[in-house]
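Observations on the three-dimensional arrangement
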Amino acid sequence: MATQKPQRTPEEIEDIILRKIFLVTLNENPDNSSSSDPRVVYLEMTAAEILSEGKSLLLSRDLMERVLIDRLSGQFSNSESPFNYLIGCYKRANEEIKKISNMKDKTLRSEMESAAKQAKKMAVSYVRIHLGNPELFSDGNVRDSNPKSGSSFSSNSPLLPLVFAEVSSGVMIDGFGGNDLGSGVDCPLGFWEEFFKDSDFDTLDPILKGLYEDLRGSVLKVSALGNFQQPLRALLYLVKFPVGAKSLVNHPWWIPKGVYLNGRVIEMTSILGPFFHVSALPDHTIFKSQPDIGQQCFSEASTRRAADLLSSFSTIKAVTNNLYDGLTEVLLCLLKNTETRESVLEYLAEVINKNASRAHLQVDPISCASSGMFVNLSAVMLRLSEPFLDANLTKRDKIDPNYVFYSTRLDLRGLTALHATSEEVADWINRDNPMKNYGSRPHGDGETRLLQSQEASSSGSTLNVKPTAVSGEKAKYPFISECFFMTARVLNLGLLKAFSDFKHLVQDISRCEDTLATLKTMQGQAPSPQLELEISRLEKELELYSQEKFCYEAQILRDGALIQHALSFYRLMVVWLVGLVGGFKMPLPSTCPMQFASMPEHFVEDAMELLIFASRIPKALNGVLLDDFMNFIIMFMASPEYIKNPYLRAKMVEVLNCWMPRRSGSSATSTLFEGHQLSLEYLVRNLLKLYVDIEFTGSHTQFYDKFNIRHNIAELLEYLWQVPSHRNAWKQIAKEEEKGVYLNFLNFLINDSIYLLDESLNKILELKELEAEMSSTAEWERRPAQERQERTRLFHSQENIIRIDMKLANEGVSMLAFTSEQITSPFLLPEMVERVASMLNYFLLQLVGPQRKSLTLKDPEKYEFRPKELLKQIVRIYVHLARGDTANIFPAAISSDGRSYNEQLFSAAADVLRRIGEDGRIIQDFIELGAKAKAAASEAMDTEAALGDIPDEFLDPIQYTLMKDPVILPSSRITIDRPVIHRHLLSDGTDPFNRSHLTADMLIPNTELKARIEEFIRSQELKRHGEGLNMQSSKGTIQPTSGEMLID
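Being a predicted model, the structure only gives us computed values, none of them experimental.

**Quick notes on the overall build of the protein**
Assigned secondary structure in the protein consists of 42 helices and five strands. By the burial criterion, 53% of the 1048 residues in the protein qualify as buried. Element-wise, carbon and sulfur atoms account for 50% of the exposed surface of the protein, whose accessible area totals about 47,000 Å².

**Structural notes on the nonpolar core**
The biggest cluster of nonpolar side chains holds 316 residues, and the ones touching the most others in it are Phe 191, Trp 192, Phe 636, Trp 659 and Trp 730. No other element matches the 15 residues that helix H33 (residues 741-775) contributes to this core. Counting eight residues, the second largest nonpolar core, distinct from the first, contains Val 967, Leu 969, Val 980 and Ile 981.

**Observations concerning the sheet that holds strand S4 (residues 975-977)**
Read from one edge to the other, the open sheet built from three strands follows the order S4-S3-S5, with strand pairing classed as antiparallel. Bordering the open sheet on either side are S4 and strand S5 (1004-1005), each of which pairs with just one other strand. Here two bridges tie strand S3 (residues 966-968) to S5, and the two strands are oriented antiparallel to one another. Bridge pairing in S5 links Ile 968 to Ile 1004. This element, helix H41 (residues 978-987), spans S3, S4 and S5 of the sheet and lies at about 85° to S4.

**So, the packing of helix H36 (residues 830-848) against H41**
Axis separation between H36 and H41 bottoms out at 8 Å; the angle between their running directions is 75°. Relative to H41, the element H36 lies roughly perpendicular. Between H36 and H41, the residues in contact are Pro 830, Glu 831, Met 832, Glu 834 and Arg 835 and Pro 979, His 982, Arg 983 and Leu 986, respectively.

**Some points on the pattern of salt bridges**
Where charged atoms from two side chains of opposite charge approach closely, those side chains can pair. Using the criterion set out here, one finds 50 salt bridges in the structure. With its nearest N and O atoms 2.8 Å apart, the salt bridge here joins Glu 53 to Arg 66. With Glu 53 in the loop between helix H2 (44-52) and helix H3 (61-73) and Arg 66 in helix H3, the pair connects residues that are 13 residues apart, well separated along the chain. According to the relative accessible area criterion, Glu 53 is partly exposed, its value standing at 40%. Across the pair Arg 409 and Glu 482 runs a salt bridge, and its minimum N-O distance is 3.1 Å. Of this pair, Arg 409 sits in the loop between helix H17 (402-406) and helix H18 (422-432) while Glu 482 sits in helix H20 (residues 479-493); the two residues are 73 residues apart in sequence, bridging distant segments of the chain. The same class applies to Arg 409 as to Glu 482, namely buried. When salt bridges that share partners are traced, they join Glu 49, Glu 53, Lys 55 and Arg 66 into one network.

**Comments concerning the packing of aromatic side chains**
With the rule as written, the count across this model stands at 44 aromatic pairs. Judged by centre distance (5.0 Å) and plane angle (40°), the ring pair of Trp 254 and Tyr 347 falls under tilted. Of this pair, Trp 254 sits in the loop between helix H10 (242-249) and helix H11 (263-269) while Tyr 347 sits in helix H15 (residues 341-354), placing them 93 residues apart in sequence. Among the aromatic side chains, those forming a connected cluster through ring pairs are Tyr 403, Tyr 477, Phe 484, Phe 485, Phe 569, Tyr 570, Trp 576 and Phe 603. In this structure, Arg 264 packs its charged tip against the face of Phe 287, placed 3.7 Å from the ring centre.

**Description of the environment of Ile 713**
Tracing the backbone through its elements, the reader meets Ile 713 in helix H31 (residues 702-721). Separated by 56 residues in the primary sequence, Ile 713 and Asn 657 place their C-alpha atoms 7.8 Å from one another. In contact with Ile 713, not counting residues within four places along its chain, are Val 653, Leu 687, Leu 690 and Tyr 691.

**Notes on the packing of H36 against helix H37 (residues 867-883)**
The geometry of H36 relative to H37 is characterised by a closest axis approach of 10 Å and an angle of 150° between their N-to-C directions. Considered as vectors, H36 and H37 are oriented roughly antiparallel to each other. When you trace H36 past H37, the crossing you get is left-handed. Residues Val 836, Leu 840, Asn 841, Phe 843, Leu 844, Leu 847 and Val 848 of H36 lie in contact with H37, whose contacting residues are Pro 867, Leu 870, Leu 871, Ile 874, Ile 877, Tyr 878 and Leu 881. Along the lines of polarity and charge, the residues of the contact of H36 with H37 split into 13 nonpolar, one polar and no charged.

**Side note on the confidence of the model for the protein**
Confidence in the prediction for the protein averages 84 pLDDT; 88% of positions are at 70 or higher. The secondary-structure element of the protein with the lowest mean pLDDT is helix H19 (residues 436-439), recorded at 40, while helix H16 (residues 371-385) shows the highest, at 97. In the model, residues 144-154 has pLDDT below 50 throughout and makes 20 contacts with residues more than four positions away in sequence or in other chains. Segment residues 172-177: pLDDT under 50, and 21 contacts once partners within four positions in sequence are set aside and those in other chains are kept.

**Side note on unusual backbone geometry**
Backbone torsion omega between Gln 290 and Pro 291 reads -5°, so that peptide bond is classified as cis. Tracing the backbone shows Pro 291 in the loop between helix H12 (273-277) and helix H13 (293-298). The linkage connecting Met 586 with the following residue, Pro 587, adopts the cis geometry, with an omega of -5°. Within the element layout of this structure, Pro 587 appears in the loop between helix H23 (560-579) and helix H24 (594-597). Positive phi, normally seen in glycine, also occurs at Leu 23, with a value near 55°. With respect to the secondary-structure elements, Leu 23 resides in the loop between helix H1 (10-22) and strand S1 (24-25). Taking the relative accessible area as the measure of exposure, Leu 23 reaches 5% and is therefore buried. Look at Leu 393: it is not a glycine, yet its phi comes out positive at around 50°. Within the secondary structure layout, Leu 393 lies in the loop between H16 and H17. Of the residues examined, Leu 393 reaches a relative accessible area of 2% and is grouped as buried.

**Examining helix H27 (residues 646-659)**
An ideal rise of 1.5 Å per residue puts 20 Å on 14 residues; H27 measures up with 20 Å between its terminal C-alpha atoms. Residues Pro 646, Leu 648, Arg 649, Ala 650, Lys 651, Met 652, Val 653, Val 655, Leu 656, Asn 657, Cys 658 and Trp 659 constitute the buried set of H27. Looking at where H27 begins, the residue whose side-chain oxygen comes 2.8 Å from the main-chain nitrogen of Tyr 647 is Asn 645.

**Side note on the side chain of Glu 267**
When you line up the elements, Glu 267 lands in helix H11. With a relative accessible area of 0%, Glu 267 lands in the buried category. There is a polar contact of 2.6 Å between the side chain of Glu 267 and the side chain of Ser 370. Non-local contacts of Glu 267, meaning those with residues more than four positions away in its chain, are made with Gly 273, Pro 274, His 277, Ala 369, Ser 370 and Met 373.

**Focus: the state of the cysteines**
Per the stated rule, a full pass over the model turns up zero disulfides. Cys 551 provides the cysteine sulfur closest to Cys 297, a residue in no disulfide bond, and the two sulfurs are 7.4 Å apart.

**What about the side chain of Asp 559?**
For Asp 559, the location among the structural elements is in the loop between helix H22 (529-557) and H23. Lys 317 provides the closest opposite charge to the buried, salt-bridge-free Asp 559, at an N-O distance of 4.9 Å. Contact partners of Asp 559, with chain neighbours within four places excluded, come to Lys 317, Asn 321 and Tyr 324.

**Points about the environment of Asp 325**
When you line up the elements, Asp 325 lands in helix H14 (residues 306-336). Taking the relative accessible area as the measure of exposure, Asp 325 reaches 37% and is therefore partly exposed. Along the sequence, Asp 325 and Arg 383 sit 58 residues apart, while their C-alpha atoms lie 8.2 Å from each other.

**Comments concerning the environment of Leu 621**
By secondary structure assignment, the location of Leu 621 is in the loop between helix H25 (602-615) and helix H26 (627-636). Residue classification places Leu 621 among the buried residues on the basis of a relative accessible area of 17%. Considering only alpha carbons, one finds Leu 621 and Leu 567, 54 residues apart in sequence, at a separation of 8.7 Å. The contacts of Leu 621, once residues within four sequence positions are left out, are Gln 564, Leu 567, Ala 614, Ser 615, Leu 626 and Trp 659.

What counts, and at which threshold
- Residues numbered from 1 in each chain as written.
- Predicted model: local features only at pLDDT ≥ 70, side-chain atom pairs only at ≥ 80, totals over all residues.
- Heavy atoms only, no water.
- Helix = DSSP H or I, 4+ residues; strand = E, 2+ residues; numbered from the N terminus.
- Buried < 20%, exposed > 50% of the residue type's maximum accessible area, 1.4 Å probe, protein only.
- Areas by Shrake-Rupley, 256 points an atom, 1.4 Å probe, with all protein chains shown as cover.
- Core = buried A, V, L, I, M, F, W, Y, C linked by side-chain atoms within 4.5 Å.
- Pairing = 2+ DSSP bridges.
- Contact = heavy atoms within 4.5 Å.
- Axes fitted to C-alpha atoms, helices over the stretch in contact; angles between N-to-C directions.
- Parallel < 35°, antiparallel > 145°, perpendicular 65-115°, else oblique.
- Salt bridge = Lys/Arg side-chain N within 4 Å of Asp/Glu carboxyl O.
- Phe/Tyr/Trp six-rings, centres within 6.5 Å; stacked < 30°, edge-to-face > 60°.
- Lys NZ or Arg CZ within 6 Å of the ring centre and 35° of its normal.
- Left-handed = near helix turned anticlockwise from the far one by under 90°.
- Nonpolar A, V, L, I, M, F, W, Y, C, P; charged D, E, K, R; others polar.
- pLDDT = per-residue confidence, 0-100.
- Expected span 1.5 Å × (residues − 1).
- Polar contact = N/O pair within 3.5 Å; in protein donor to acceptor, adjacent residues only side chain to side chain.
- Disulfide = S-S within 2.5 Å.
- Lys, Arg positive; Asp, Glu negative; His and termini not counted.

As structure tokens, then:
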């Protein structure tokens, strides 16, 4: 019969378990299997001390810490580092707990579990002690204690691979945005929970600070295709622990300090900065990230398959959205924690304020954060704003406009306002502000300023309260206000700036391509090594430009969700702004509320820029509610007393231009024009008003700027004329504002048409000279290469100018043609009729007069020069006005034009019209008008002869014609004919003799002089009849022109 194995006591079992966990023994010749493990260490001195105390050499919970300290403090051969040893203890404790769970004796099982758990807890406790005090148990270099010898983490915290392993367990790494940095390392189950459990902040803070620095370093200069996902997941994992969150925001690098602190320094040295720097967008060479996305995905894009490019676009879009989501989670986690929320807001404010110069046209990449960081931050802020971007914008009333004036967190008061000057804002605040002391405290002190007692959760709920302040504190604002204004600033410096950069990049590519084409043409004509080098340089530059363009497209243009989120935000912006003036209703209050006038101008400008940009991306506007934007534009585009900047109001027209159905390609936008109440009532009126206002922008380039702006207005007006309801509104405006805004509109339309056509025709003559130079091959080849290059560039420049000016001139003439058919009376007003007649005569002279042959072009269509169509339109304007001329004043106005009128031009033009197939009734009416003008010319000469020598005091000082209605100018006291000064005031609101302010209602009738002029005319007529003079002999002979025509 076999001998029964003696049963072990609980003390002996505990001894065995603890020896296995800690790999130690107190017996020199132990009798259990663990003694065969070479890692087991005999603690001889500890055993001797225990024996001397009269205690048993069995390991127990009471001896556990003493044994552990001796094991860590001793020098043993082949022993692992303290950190690895302690992690091993933790793992072995876990294994023993699993075995213990199989024990049948409940009491014994409970006792042994308690011992193993205590051992596990102690191992973690000593991990904390060791990492916080590395000199206690080693040579002081904790960072060499990595379980993966030779790994890239050998100089980092030994916790780094463990946190990577923790966040990577069960997570697929997609190859883009993350390779498994923790591979080969297992994080013991429950280690991190135990690590953070029952520990005070002071113990963990120094350990976590080092870990955060390592995480920051692991994504430094990593692009969107590098490994950022694991570090980002690790960061999120750590901040979910309250101690981890507190440690992060208390890190000295949370917001770096220093006299040389700028936007780029924050990006590269703060803990979060390098995470926000991860991007697909190009950056300055010094800060370039790897792998190079442009080079890897888009080099020589023209040779790549479309499927490969689409795959790259999809990958980049996916990884950047993962980045946005991860960063949003990190910030949300910190914002939900009342202890860390203020620090997050301070960090965001510091990033915004230190990068304010990103709004400049030229951005210094050394002192400003990258576009990548700000586009990422834009996407994150939009995600944080989602709770208050619901379709009905129900939380908009919780956005407090006072934030702009009284919050010291963001530098908002220094920004250009919609209408008010900085002095006006300051005066208003000082006069009417009951809270002015709150905003006067210096920025950056340690007080809690804008905390709101709420969670920054998906509910986004806030209290609808005014900011409050108690003694010693600054005003507090709800999170919605903080988030709204920060998002607006970030989008201005981020997403909208990226749109602008992309637009300039496309322009650079276009210029580069044009230059390259010119150089290649020259190289073909006269090859030279210098040209070859320049061509090679440009081709390399174009390749880099192309890669950058594709990177922008991948991260921004192809991310429809990002653009739609931004559109939702700016819809809230315009609805909120309109709320400051009383809501969507017209007309606007006569006085602009100061709150609205003081809002940063970029709030509106960014909304318009986004709409323009999105309108040019296919399907970007699908599902977007545009009615609120339409209302806003109609309300403010012609309201300089609300929005001072004329260029900003012009940008609103550009938006509408993009929405015209024929341009947008979407039938959805047609309802904005044809079925929209404010549009039907005010759109035409406000477009006409803006057309006038834009004459004087205050800019040194205002003369040229107005043509581009009016081009957009003209295109819109032409479209609206075809919509019956808008055409009726237009006719009504012309009737109501015959001597007001409509007359001003006609005046500027005529001015522009004359200037543009004249400029185009002169440029055609210059172009023909250049063409002649270049076609003389022998002489051209003898010229120096540099001169040929300059002349070639000038030729192409002139071509572009002609094309643009002629297009604009065509638009102007076309508008005069279609409006004059149904609206004639404003054209025939005394102050306008001679101006209109002179313009038409001048155009007619250019098209069928003596110099017509010099305007012949090989390819006139290339330059938008369509002389046949232009002549038809000019003649139709003549005829339309003649048909509406009930007072028969138009023929006299035509013939009184001494510069361009010639009776032969009418018959010559009629011949051309017959050949090009114009309507016979138009031709007949035009010939009849010519006959009336001839008769009026004859009558005018008779009258002039009858009057004889006219006294100088009866002559208008500008036109030198006999005055009919003399008026005195109030400041210069000079007398002038009323129609002449009225015509002057249409373009210039000043006295022409001393530039003082002048309006039509300030004119003083000179009744005494008028009576004398009338008496002079009567006496001269009586004199002529009394003497029976025959004035026929004094009639001038009008020289006929040749019958040759330009248009043949």
